Amino acid sequence: MNIILVEPHFPQNQREFARALASVGANVIGIGETPWDYLDDQLKSWMVHYEQVGSVTNRAQMTEAVRKIQGMVWIDRMESTIEAHQMVAAQVREDLGIPGTSVRTTWLCRDKPSMKEALRQAGVPTAASTGADNADQVREFARKVGYPLILKPRDGAGAAGTSRVDNDTELSAALAQLAGYASIAVEEFVEGHEGFYDTIAINGDVAADFASHYFPGVLEAMRTRWISPMFIATNRIDGGGMYDEIREMGARVIRALGIGTSATHMEWFYGPKGLKFSEIGCRPPGVGCWDLYNVSNDMDVYTAWAEAITHSRISQPLSRSHSAGIIALRPDRDGQIKGYSGLEEIENLYSRWIIDASIPPVGHPTQPVSAGFMANAWVRMKHPDYDQLHAMLDEVGRTVHVYAG
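This is a predicted model, so every value here is computed, not measured.

Enquirer: What's the story with empty space enclosed by the protein in this structure? I'm lost.
Expert: Rolled over the atoms, a probe sized like a water molecule indicates the empty space that remains. Scanning all chains against the criterion turns up four cavities of 30 Å³ or more. Taken as a whole, the largest cavity spans an internal volume of roughly 150 Å³. In terms of lining, the largest cavity is formed by 18 residues, of which the most central are Glu79, Ser80, Gln86, Ser262 and Cys282. Residue assignment for the lining of the largest cavity shows that the elements contributing at least two residues are β4 (77–79), α4 (86–96), β12 (262–271) and α12 (301–311). The biggest single contributor to the lining of the largest cavity is α4, with three residues. Of the residues assigned to the lining of the largest cavity, the class counts are six nonpolar, eight polar and four charged.

Here you go:
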């Protein structure tokens, strides 16, 4: 198969998709913003052709580049794995007759109010929500539903631009912060434990799946400096109970949104009102999730995805041998790294269970708390027992301190 891969160079793990496609026999044709001469030899070796464009989110530029490629060779698929690239990729696919995720499905997976309305009609439990084009519409929704509420950009990824409001004063402040957006999503705050469910779907059926848990929830984690947040990919997904509910809901969401062959990333809550859908991306997860799945299942998830795309099957079994997780270690303030404490103690306690870590050197500038799990220092670990891994990551968070000034 001849497969166009959008932006194979950045961020760093994008090269893994090129590697995986080449490994299963695909002819990989890259379109990206980086000049060819800047690409390393290994990445170049995985591609049979490359086109540079000014922006992979510019529909006209992407259309011109793909037309040029189609003039040279038949294109079987065009794949995009970054949220911000999804819509233009879908539009170009439809304009030029290339199979893949449709514009409608892409739009439903990005426009949160429309996504949730489609899923409510399909019987998927979701929080009450609406799309609002002005402050009066938001305030009217607040009067009907009550506080707390969550406000976010309609097509935002993860927690970017997201805020919780508990009263009229906080609502006014949040609306001021979102003033640059033409339209926003407003939804009922759902109390409960938060996690995510990732799949590789083939022709609308789940062929591989993974469940992970956040500690604490994303919004709290991305707003509170002293917390060392973590997420853990569990190896208990085959244990029934809540996981059966998550799997059933995930399958219904994929069918309702018309997702065919694609990776997916679905957020969920489980609390007093039961399991509730939050949102879905028709793409792989970020923050190195697939690296954790590789370790915890003794497989290469990138290659499994490539097999799904090219051969409509996955040959690798999922071992569920370990749980695996990451903990983010925040500096005590913004500035430059001044030093660490507790690293040697953790190394002595848990070295056999540490997968890898990122420890920025002294003098390195810090990143803001809102920048995410891998913005500053982090440690990734594994263990056959999910509860034991959770306890070990907690110990890392209590023991390791990052000092800045």
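Enquirer: Honestly, unusual backbone geometry in this entry has me stumped. Any pointers?
Expert: With glycine set apart, most residues show a phi of negative sign, and most peptide bonds adopt trans. A cis amide bond links Tyr147 to the next residue, Pro148, at an omega of 0 degrees. For Pro148, the position within the fold is in the loop between α7 (135–145) and β6 (149–153). Geometrically, the link from Phe215 to Pro216 is a cis peptide bond, its omega value of -10 degrees lying close to zero. Tracing the chain through its elements places Pro216 in the loop between β10 (205–215) and α9 (218–221). The backbone of Asn203 sits at a positive phi, close to 50 degrees, despite the residue not being glycine. With respect to the element layout, Asn203 can be found in the loop between β9 (193–202) and β10.

Enquirer: I would appreciate a short explanation of helix α1 (residues 14–23) in the present structure.
Expert: Since the α-helix advances by 3.6 residues per turn, residues separated by three or four positions end up pointing in the same direction. Burial within α1 is extensive, with seven of its 10 residues counted as buried. Three or more residues of α1 are buried, namely Gln14, Arg15, Phe17, Ala18, Arg19, Ala20 and Leu21. Those residues of α1 that are buried lie in contact with β1 (2–6), β2 (27–32), α2 (41–45), α11 (289–297) and α12. After α1 finishes, the residue Gly25 shows a positive phi value of roughly 100 degrees.

Enquirer: In this structure, what is going on with the pairing of strand β11 (residues 230–233)? I would like to understand it.
Expert: Every other side chain in a regular strand lies on the same face of the sheet, so the side chains alternate between the two faces. The side-chain alternation of β11 yields two buried faces, one formed by Met230 and Ile232 and the other by Phe231 and Ala233. As defined by bridge partners, β11 adjoins strand β14 (residues 323–329) across four bridges and the pair is classed as antiparallel. Residue pairing in the sheet places Ala233 in a bridge with Ala324 of β14.

Enquirer: Explain the sheet that holds β2 here, please?
Expert: Taken in spatial order, the four strands of this open sheet run β3-β2-β1-β4, and their pairing is parallel. Every other strand in the sheet has two partners, leaving β3 (49–52) and β4 as the edge strands with one partner each. Direction aside, neighbouring strands of the sheet carry axes that sit 20 degrees apart on average. In this sheet, β4 lies alongside β1 in parallel orientation, the contact comprising three bridges. Paired with Leu5 across the two strands is Glu79, which belongs to β4. In this fold helix α3 (residues 59–70) packs onto β1, β2, β3 and β4, with an angle of close to 155 degrees to the strand it touches most, β2.

Conventions and cut-offs
Residues numbered from 1 in each chain as written. Predicted model: local features only at pLDDT ≥ 70, side-chain atom pairs only at ≥ 80, totals over all residues. Heavy atoms only, no water. 1 Å grid on protein atoms, 1.4 Å probe; cavity = no way out; pocket = protein on both sides within 12 Å on 5 of 7 lines; lining within 4 Å. Points joined across faces, edges and corners; volume = space filled by probe spheres on them. Helix = DSSP H or I, 4+ residues; strand = E, 2+ residues; numbered from the N terminus. Nonpolar A, V, L, I, M, F, W, Y, C, P; charged D, E, K, R; others polar. Buried < 20%, exposed > 50% of the residue type's maximum accessible area, 1.4 Å probe, protein only. Contact = heavy atoms within 4.5 Å. Pairing = 2+ DSSP bridges. Axes fitted to C-alpha atoms, helices over the stretch in contact; angles between N-to-C directions.

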